[in-house]
Amino acid sequence: GSNLGVQSVIGQGPRSRVDDELTKAHPLESRLANWNSSQLGMKLHMQRKIYGLHAPLRTMMEVQAIKQTPYALNSRASRVQLDILLGRDDDFGVEDIYDDDIEVDMPDVHAMLSKRMNA
């Protein structure tokens, strides 16, 4: 710093970083950011308590199967499947109104099967 009590920003940097100030948000903001994951955790916990250990495992296996399909996330049907599995089927969001379906090149099922059979 200097002898006048003014900090040299060029030499030492600013006193507080902007990203530190931005992360100090309202506590409710972090809860809202993690809302979907906490709701899924609660749903899986309830499934385990009611139906046993197999129910949350089955749900997560089905979610992974849908996510692993290469064109699945762009199709409306798979988004509906994910919404149902994740318990978001009663939520209504912007993505439900403004469906930005991009024409996705659907793979030829017959070509994929013949490729797998020959490999």
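Residues numbered from 1 in each chain as written. Predicted model: local features only at pLDDT ≥ 70, side-chain atom pairs only at ≥ 80, totals over all residues. Heavy atoms only, no water.

**Thoughts on the packing of helix α5 (residues 54-68) against helix α6 (residues 76-85)**
The axes of two packed helices give the description: the angle between them and the distance between them.
1) Next: Contact geometry of α5 with α6 gives a least axis separation of 10 Å together with a crossing angle of 160°. Here α5 is positioned roughly antiparallel relative to α6, judged by the angle of their axes. Read as a crossing pair, α5 and α6 show a hand that is left-handed. Packed against α5, whose contacting residues are Thr59, Glu62, Val63, Ile66 and Lys67, the element α6 presents Ser78, Gln81, Leu82 and Leu85 at the interface.
2) Next: Grouping the amino acids of the contact of α5 with α6 by side-chain chemistry returns four nonpolar, three polar and two charged. (Axes fitted to C-alpha atoms, helices over the stretch in contact; angles between N-to-C directions. Helix = DSSP H or I, 4+ residues; strand = E, 2+ residues; numbered from the N terminus. Parallel < 35°, antiparallel > 145°, perpendicular 65-115°, else oblique. Left-handed = near helix turned anticlockwise from the far one by under 90°. Contact = heavy atoms within 4.5 Å. Nonpolar A, V, L, I, M, F, W, Y, C, P; charged D, E, K, R; others polar.)

**Describing the confidence of the model for the protein chain**
1) Next: Confidence along the protein chain averages 76 in pLDDT terms, with 66% of residues attaining 70 or more.
2) Next: Averaged pLDDT values for the elements of the protein chain fall to 60 in helix α2 (residues 18-23) and rise to 92 in helix α4 (residues 35-51). (pLDDT = per-residue confidence, 0-100.)

**Some thoughts on the pattern of salt bridges**
1) Next: Per the stated rule, a full pass over the model turns up two salt bridges.
2) Next: Among the salt bridges present, the one from Asp83 reaches Arg88, with a minimum N-O distance of 3.5 Å.
3) Next: On the accessibility criterion, Asp83 (21% relative accessible area) is partly exposed.
4) Next: Judged by relative accessible area, which is 26%, Arg88 ranks as partly exposed. (Salt bridge = Lys/Arg side-chain N within 4 Å of Asp/Glu carboxyl O. Buried < 20%, exposed > 50% of the residue type's maximum accessible area, 1.4 Å probe, protein only.)

**Quick look at the packing of α4 against α5**
1) Next: Two elements in contact, α4 and α5, have axes separated by 7 Å at closest approach and are oriented at 140°. In this view, α4 runs oblique relative to α5, as classed from their interaxial angle. Along its contact with α4, which presents Leu40, Leu44, Gln47, Arg48 and Tyr51, the element α5 presents His54, Ala55, Pro56, Thr59 and Met60.
2) Next: Split into classes, the residues belonging to the contact of α4 with α5 amount to six nonpolar, three polar and one charged.

**Structural notes on α5**
1) Next: Here α5 contains 15 residues, and its C-alpha end-to-end distance of 21 Å stays within 8% of the 21 Å for a straight helix at 1.5 Å per residue.
2) Next: Where α5 is concerned, the buried positions are Ala55, Pro56, Thr59, Val63 and Ile66. Projected down its long axis, α5 carries its buried residues within an arc of 100°, all on one side. The outward face of α5, more than 90 degrees from its buried face, is lined by the exposed residues Arg58, Met61 and Gln68.
3) Next: Where α5 is buried, its residues contact α4 and α6. (Expected span 1.5 Å × (residues − 1). Arc of directions from axis to C-beta.)

**A word on the side chain of Gln47**
1) Next: One can find Gln47 in helix α4.
2) Next: A polar contact of 3.0 Å, which involves the side chain of Gln47, links it to the side chain of Thr59.
3) Next: Sequence-distant contacts of Gln47, defined by excluding residues within four places in its chain, comprise Gly52, Ala55, Pro56 and Thr59. (Polar contact = N/O pair within 3.5 Å; in protein donor to acceptor, adjacent residues only side chain to side chain.)

**Details of a nonpolar patch on the surface**
1) Next: A contiguous nonpolar patch, built from Met42, Met46, Ile50 and Tyr51 and spanning about 460 Å² of accessible area, is present on the exposed surface.
2) Next: With respect to the element layout, Met42 can be found in helix α4.
3) Next: On the basis of relative accessible area, Met42 is assigned to the partly exposed category, the value being 45%. (Patch = residues over 30% accessible without salt bridge, like charges linked within 9 Å, V, L, I, M, F, W, Y side chains within 5 Å. Areas by Shrake-Rupley, 256 points an atom, 1.4 Å probe, with all protein chains shown as cover.)

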